[in-house]
Amino acid sequence: MADHAPDNPRRDFLRKTLTLIPVVTVASTGLGAGQLLADPVREPKVPATPPASHYQPTFFTAEEWAFVQAAVSRLIPADELGPGALEAGAGEFIDRQMNTPYATGAQWYMQGPFKADAAPELGYQLQLTPQQIYRLGIAATDAWCKNASGKTFAEQDSATRDKVLGKIEAGEIVFDQLPAKTFFSLLLQNTREGFFCDPIHGGNRGMVGWTQIGFPGARADFMDWVERNEPYPFSAVSIRGERA
């Protein structure tokens, strides 16, 4: 089956996603996005589900953690091609990121004026930090779900979770303290990052994200393979030297 066949949307989504997020190992190898997205001759090996993690969140409460795990499991779900974001530890990645300067906006310009309706090309315009966006967004989503069905988001079945996430993405659910689309955008972006990051950051457990798209990881040199138009034959390697 070709990677870009119409009935293989997940692999196509994952490949295109790689061009939308800043993955350090991609930028550092010298291998362009065009080569990463090129059609390989054969299917990469589909990874087995990585072992379960015993990670305990340090930022999210138990209720918030249940939401994060439930949400990432639907944004990049497991299927016949391999594990999804839940199995890859995207939730752990997000929780770890919430304890960094990024999550508190320490490296951002956070002075007014704040214009929520500013054009996207002007960049982030709200006074909320990632930590605040998650806290407010999760609480608002759970409140909406409880009002609609008496259950939190994490207690819904998969089909209902998908519908709720779709409504948040479209802005059909209105949150009082932040734009719903802003919350969804951050959640999706961080889930993608958790699926494709180096495992040293807590996500991409077993390098399942890299394996599914045929990315070799943090290898020192593979430029002799760049022009061959064929899959790189060796397994992905993490910064710490782990092999997929």
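Just so you know, these numbers come straight off a predicted model, no measurement behind them.

The rules behind these values
Along each chain, residue indices are assigned from 1 in the same order as the chain's sequence is written. Given that this is a predicted model, residues contribute local features only at a pLDDT of at least 70 and side-chain atom pairs are listed and counted only at 80 or more, while totals for whole chains, interfaces and linings are drawn from all residues. Where side-chain values are given, they derive from all heavy atoms of the structure, hydrogens and water being excluded. What counts as a helix is a DSSP run of H or I of at least four residues, what counts as a strand is a run of E of at least two, and both are numbered from the N terminus. We call a residue buried when its accessible area falls under 20% of the maximum for its residue type, exposed when it is over 50%, and partly exposed in between, using a 1.4 Å probe and counting protein chains only. Positive charges come from Lys and Arg, negative ones from Asp and Glu, while His and the chain ends are left out of the count. A side-chain nitrogen of Lys or Arg and a carboxyl oxygen of Asp or Glu constitute a salt bridge if their distance falls within 4 Å. Contacts are assigned to residue pairs that have any heavy atoms within 4.5 Å of one another. Centres within 6.5 Å are what make two rings of Phe, Tyr or Trp a pair, Trp counting through its six-membered ring; a difference in plane orientation under 30 degrees is then read as stacked, over 60 as edge-to-face, and the rest as tilted. Nine residue types can take part in a nonpolar core, namely buried Ala, Val, Leu, Ile, Met, Phe, Trp, Tyr and Cys, and a core is a set of them joined through side-chain atoms within 4.5 Å.

Caption draft 1: Layout of the side chain of Asp142. Note on placement: Asp142 falls in helix α8 (residues 130-149). Lacking a salt bridge, the buried Asp142 has Lys146 as its closest oppositely charged neighbour, with an N-O distance of 6.0 Å. Those residues in contact with Asp142, other than ones at most four positions away along the chain, are Phe67, Lys151, Thr152 and Phe153.

Caption draft 2: Highlighting the packing of aromatic side chains. The full count for this structure, using the stated rule, is 11 aromatic pairs. Between Phe195 and Phe196, the aromatic rings sit 5.3 Å apart at their centres with planes inclined by 80 degrees, giving edge-to-face as the arrangement. Each of the two residues, Phe195 as well as Phe196, counts as buried.

Caption draft 3: Quick peek at the nonpolar core. In this structure, Phe60, Phe67, Val68, Tyr134, Phe153, Ile168 and Phe183 are the most contacted members of the largest nonpolar core, which totals 45 residues. For this core, the elements supplying multiple residues, two or more each, are α4 (62-75), α5 (85-88), α6 (90-97), α8, α9 (158-170), α10 (180-196) and α11 (208-213). Among the elements that line this core, the one with the most residues is α10, at eight residues. The contacts of Phe60, once residues within four sequence positions are left out, are Trp65, Val68, Ile94, Asp95, Met98, Tyr134, Arg135 and Ile138.

Caption draft 4: Summary view of the environment of Thr160. Mapped onto the secondary structure, Thr160 falls in helix α9. Sequence separation of Thr160 and Cys145 is 15 residues, and the distance between their C-alpha atoms is 9.7 Å.

Caption draft 5: The pattern of salt bridges, seen in detail. Under the criterion given, the structure shown has six salt bridges. Its salt-bridge partner being Arg135, residue Glu64 comes within 2.6 Å of it at the nearest N-O pair. Of this pair, Glu64 sits in helix α4 while Arg135 sits in helix α8, and the two are 71 residues apart along the sequence. The exposure class assigned to Arg135 is partly exposed, which follows from its relative accessible area of 33%. Linking Asp162 and Arg74 is a salt bridge whose minimum nitrogen-to-oxygen distance equals 2.9 Å. In this pair, Asp162 is assigned in helix α9 and Arg74 in helix α4, connecting sequence segments 88 residues apart. We classify Asp162 as partly exposed; its relative accessible area is 34%. The network of salt bridges with common partners includes Glu92, Arg96 and Arg205.

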